[in-house]
Amino acid sequence: MLRHFTTRLLSRSIKFRPFSTNVAAASAADDAFVKAWRSTIPNLEPPKTPLSFMQPRPPAPSTLPSKLTVNLVLPYSSEFSNKEVDMVIIPATNGQMGILPGHVSTIAELKPGLLSVHEENGVKKYFVSGGFAFIHANSFADIIAVEAVPIDQLDSASAQKGLAEFTQKLSSASTDLERAEAQIGVDVYSAINSALSG
């Protein structure tokens, strides 16, 4: 009986669901609402709906792109915008995460650590203190960081001094607030030291 079931199962034609490249982009206007409005009140222009203010979803490419387009944005500036790179490695809260062209859509929280931008002519490394990364299906990545400093601008002696200072504050903290602030300092300075040594 099992043999008959497996032969019937394998002999059936298998239907695959469409890839995201075959799915049409969302329409920019709420067509059903506008049509209903015009049939009810033809002499008055229909009001704007939230959907009419949104940009249509860009279609995913049918072939895998060779480059990843990255935006690194800080609260006070844009480190780079629409930069085409080979790969980006981000310090996500659940570990290091590599982003290549064609990566699945993802939102990741960043922890203090090393952000590596891999290009044809080398690797640029930044220390980020936290933030979020938004990876889109069309090989775009938006990285929003609180701080991003090129790794060559960090001083190892100052990082060691800061780690020692916050470790001492953590051991002498008497309140939960002091303990939490000291722990954040220890985490950040430990990540800076780790980024400088690795």
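Residues numbered from 1 in each chain as written. Predicted model: local features only at pLDDT ≥ 70, side-chain atom pairs only at ≥ 80, totals over all residues. Heavy atoms only, no water.

As recorded by an unreviewed UniProt entry, the protein carries the name ATP synthase subunit delta', mitochondrial-like and is attributed to Coffea arabica. Per UniProt, the comment on the protein under Sequence similarities (unreviewed entry) is "Belongs to the ATPase epsilon chain family." (UniProt positions renumbered as here; feature names shortened; annotations may be inferred.)

**Q** Sorry, what's going on with the packing of aromatic side chains here?
**A** Where two aromatic rings form a pair, the distance of their centres and the angle of their planes describe that pair. For the structure shown, the criterion picks out four aromatic pairs. Taking 6.1 Å as the distance between ring centres and 55° as the angle between the ring planes, the aromatic pair formed by F80 and Y126 counts as tilted. Of this pair, F80 sits in strand β2 (residues 78-85) while Y126 is found in strand β7 (residues 122-128), placing the two residues 46 residues apart along the sequence. Exposure class is identical for F80 and Y126. Each is buried. Across from the ring centre of F80, 5.1 Å away, lies the NZ or CZ of K83, which sits over that ring. (Phe/Tyr/Trp six-rings, centres within 6.5 Å; stacked < 30°, edge-to-face > 60°. Helix = DSSP H or I, 4+ residues; strand = E, 2+ residues; numbered from the N terminus. Buried < 20%, exposed > 50% of the residue type's maximum accessible area, 1.4 Å probe, protein only. Lys NZ or Arg CZ within 6 Å of the ring centre and 35° of its normal.)

**Q** Looking at this structure, how should I read the confidence of the model for the protein?
**A** The pLDDT averaged across the protein works out to 81; a share of 79% of its residues lies at or above 70. A low-confidence stretch, residues 13-23 (pLDDT under 50), is modelled with five contacts involving residues beyond four sequence positions or located in other chains. (pLDDT = per-residue confidence, 0-100. Contact = heavy atoms within 4.5 Å.)

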